[in-house]
Amino acid sequence: MSQLNFDQDERFDFDDNFPSLAALAKYEPTIVERVRKSWEDERHFVREHLAPLVLSEDLQHAQNPDHISWEMLRLAGRHGRLVQYIPGFMGGKGNSLGISMMVNLEEQASVDCAFCGMMGGHGLGLAAVFMSLNLGVLRRVADRIAEHQNDEKPYVIDCAITEPTAGTDVEEVELYPKARLMCQAKHASGGAVLNGRKVFISTGHMATDHIVIMPFDQKNAENTMGCFLVSNGTPGFSLGRMERKMGQRAGSASELIFDNCLVPEENILLAQEQFPEEKFKQQFKLVLHGVLGITRTAVGAWSTGTARGAFDRALYLAKRIKYKGRTLIHQQWAQAFLTNMHINVMMARGAYLNSQFVLMRGFERIPLVIGFPSWMNDSAILYWLFRQNWYRKFLGSRWMHGQIMDYVRSSISEDQDARVQQMSSLAKVVGSDMAMENCQLATEFLGQAGLRHDQGVEKIFRDAKLLQIFEGTNQLNRLNIFTHYLARHIPGVEVF
Ligand SMILES: Cc1cc2nc3c(=O)[nH]c(=O)nc-3n(C[C@H](O)[C@H](O)[C@H](O)COP(=O)(O)OP(=O)(O)OC[C@H]3O[C@@H](n4cnc5c(N)ncnc54)[C@H](O)[C@@H]3O)c2cc1C
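Residues numbered from 1 in each chain as written. Predicted model: local features only at pLDDT ≥ 70, side-chain atom pairs only at ≥ 80, totals over all residues. Heavy atoms only, no water.

Visitor: Go over the overall build of the protein chain, please, and point to the residues and values.
Guide: Counting secondary structure elements, the protein chain contains 20 helices and 10 strands. Relative to the 2.2 N^0.38 estimate, which gives 23 Å for 496 residues, the radius of gyration of the protein chain is 23 Å and therefore close to what a compact globule would have. Expressed along its principal axes, the backbone C-alpha trace of the protein chain runs to roughly 75 × 75 × 50 Å. Taking the intrachain contacts of the protein chain between residues at least 6 apart in sequence as the baseline, contacts between residues at least 24 apart amount to 76%. With an accessible surface of roughly 21,400 Å², the protein chain has 55% of that area assigned to carbon and sulfur atoms. Counting 52 positive and 55 negative side-chain charges, the protein chain places the centres of these two groups 4 Å from one another. (Helix = DSSP H or I, 4+ residues; strand = E, 2+ residues; numbered from the N terminus. Rg over C-alpha atoms; globule rule 2.2 N^0.38 Å. Contact = heavy atoms within 4.5 Å. Areas by Shrake-Rupley, 256 points an atom, 1.4 Å probe, with all protein chains shown as cover. Lys, Arg positive; Asp, Glu negative; His and termini not counted. Charge placed at Lys NZ, Arg CZ, Asp CG, Glu CD.)

Shown next, in the form of structure tokens:
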């Protein structure tokens, strides 16, 4: 008799299928209340302060492609957006890089996808500093952000990975051997010398310091990667051209040029070679996976907000535009359009929240990701301690760096790392595809109103397309899901 058969290996376990349920037990009890407060604050900020600037900034970029959105950055600085995810004892607001950041990003993007692009460069830089686990540099960067947030040109950082001949191939450690890298660092007395060019670096022309990732040996990049902080004005470093891109114009996409640029020892955040022991061999891979896990989930949340922005505009206009004597909202076909857009938002939100739960599970021993408990975040003793020179030196010491790396590495299991990889890629792909689909639906639905700059949808359409490209193209992220999820349960399958 015929019957259905199953391969043992193809059964995914409970954690794989229900990551949000598996994460619930790990929640700090006050977290929902803290997330709600931070979200209410975000909603007020974007609707009251950001919204009036959105269309006029975009127009200024159309009229002058070299325009830099300092006004938006000042707004972000004045309203504490640059210190949002820095712990309270380091002078920040202490919202977690996890769940708070994700729901706040959705809220920001629902009003301006491009504002998230501007903040995204800075956020990516911060994520790289956090995940390099170099507390000495983290302390210095956090200080500068807090000190200069009210300046005419607030202090922000960026993160430079992409090169003219290597984009997708430097997004994944596994692809490094195939990458045609042109950047290389060399050891030198007192630090390292950098050479090469980075391109499409978000916030490059706004940043004061740049977090740069390049190998010491191009032919053995996966084992010799380094992460460096390069300040404006360093001899051998210069800014090149600013890309003229179709959307997300508020955030510059910049070329960074390194021509025998000497980086002092204290600005080397991480050099794999410094930690030759076997236990640290995979450290860089883990750091990059951690950064990508956070940033891809963040792009999922940002994309969800963008999908919602298109829906919000369509709904707003549907209540005002008349068709055959009745407003659109009262037409059945219009209601079906709007419902489809709403479903897309809910699917995208489900994907990034699930990914966020997996992150919390994967990084449950890392408070920067899951959120510091209040007693730690608001601790006056820690605040005092972080201001003492001897403590800073201690934090920046090689020994301390090694201890922290060891702690983090031992906190993340291979299974959790794989789940973070697949779920964050999934959040990114679903979110950005839904954002594009909602823009398509909104323009179809609204007729001429959808094409006019002053109604907002046309701008969201141009902004949304970019979401499918960065943090790994959606094609690459699809392959990533196969490699880190499906392939684990298909013995012997060949993956890239
Ligand atoms: C607005 C914006 C902001 C950005 N900000 C930053 C930033 O702050 N920092 C930074 O470092 N970079 C940044 N980037 C660069 C971004 O990460 C790259 O554009 C992205 O990784 C894709 O690389 P690429 O453009 O070189 O395309 P390519 O890698 O040349 O890819 C071209 C095509 O080939 C496909 N492809 C390539 N390799 C593979 C493969 N192995 N398997 C399957 N398909 C493949 C891709 O999916 C794509 O369709 C930004 C890009 C944009 C658009």
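Still to come is the rest of the account.
Visitor: Tell me about the site of the ligand, and please be specific about residues and values.
Guide: Among the 18 residues in the neighbourhood of the ligand, the closest are listed as Ile161, Thr162, Thr168, Ser202 and Thr473. In the model, a nitrogen atom of the ligand is placed 2.6 Å from a nitrogen or oxygen of the Thr162 side chain. Its free accessible area being 970 Å², the ligand has 70% of it covered by the protein chains. Secondary-structure elements contributing two or more residues to the shell around the ligand are β1 (157–160), β3 (191–202) and α20 (474–486). Across the shell around the ligand, the residue classes break down as 11 nonpolar, 6 polar and 1 charged. (Near = heavy atom within 4 Å. Polar contact = N/O pair within 3.5 Å; in protein donor to acceptor, adjacent residues only side chain to side chain. Nonpolar A, V, L, I, M, F, W, Y, C, P; charged D, E, K, R; others polar.)

Visitor: Hey, could you go over the packing of aromatic side chains for me, with residue numbers and the actual values?
Guide: Applying the stated criterion across every chain yields a total of 13 aromatic pairs. Residues Phe89 and Phe386 carry aromatic rings whose centres are separated by 5.0 Å and whose planes lie at 45° to one another, so their mutual orientation is tilted. Taken together, the residues Phe89 in the loop between α5 (70–78) and α6 (99–111) and Phe386 in the loop between α14 (380–385) and α15 (389–396) connect sequence positions 297 residues apart. Residue Phe89 is classed as buried on the basis of its relative accessible area of 4%. According to the relative accessible area criterion, Phe386 is buried, its value standing at 5%. Through a chain of ring-to-ring contacts, three or more aromatic side chains come together here, namely Phe89, Phe386, Trp390, Tyr391, Phe394 and Trp399. Between Arg81 and the ring centre of Phe45, over which it is positioned, the NZ or CZ distance is 4.4 Å. In this structure, Arg320 is placed above the aromatic ring of Tyr316, and the distance from its NZ or CZ to the ring centre is 3.7 Å. (Phe/Tyr/Trp six-rings, centres within 6.5 Å; stacked < 30°, edge-to-face > 60°. Buried < 20%, exposed > 50% of the residue type's maximum accessible area, 1.4 Å probe, protein only. Lys NZ or Arg CZ within 6 Å of the ring centre and 35° of its normal.)

Visitor: Help me get a handle on the sheet that holds strand β2 (residues 184–188), residues and values and all.
Guide: Sheets are built from strands that pair by backbone hydrogen bonding, the pairs being arranged parallel or antiparallel. With respect to topology, 4 strands assemble into an open sheet ordered β2-β3-β7-β6, the strand pairing being antiparallel. Single-partner strands in this sheet number two, and they are β2 and β6 (237–242). The sheet shows a mean angle of 15° between the axes of neighbouring strands, taken without regard to direction. Pairing of β6 with strand β7 (residues 253–264) involves 4 bridges; the strand directions are antiparallel. Note on β7: the bridge partner recorded for Leu239 is Leu256. (Pairing = 2+ DSSP bridges. Axes fitted to C-alpha atoms, helices over the stretch in contact; angles between N-to-C directions.)

Visitor: Give a detailed account of unusual backbone geometry, specifying residues and quantitative values.
Guide: With phi around 60°, Phe200 is a residue other than glycine that occupies positive phi space. Within the fold, Phe200 resides in strand β3. Looking at Phe200, the relative accessible area reads 48%, which means it is partly exposed. Backbone geometry at Asn260 places phi at a positive 50°, although glycine is not the residue there.

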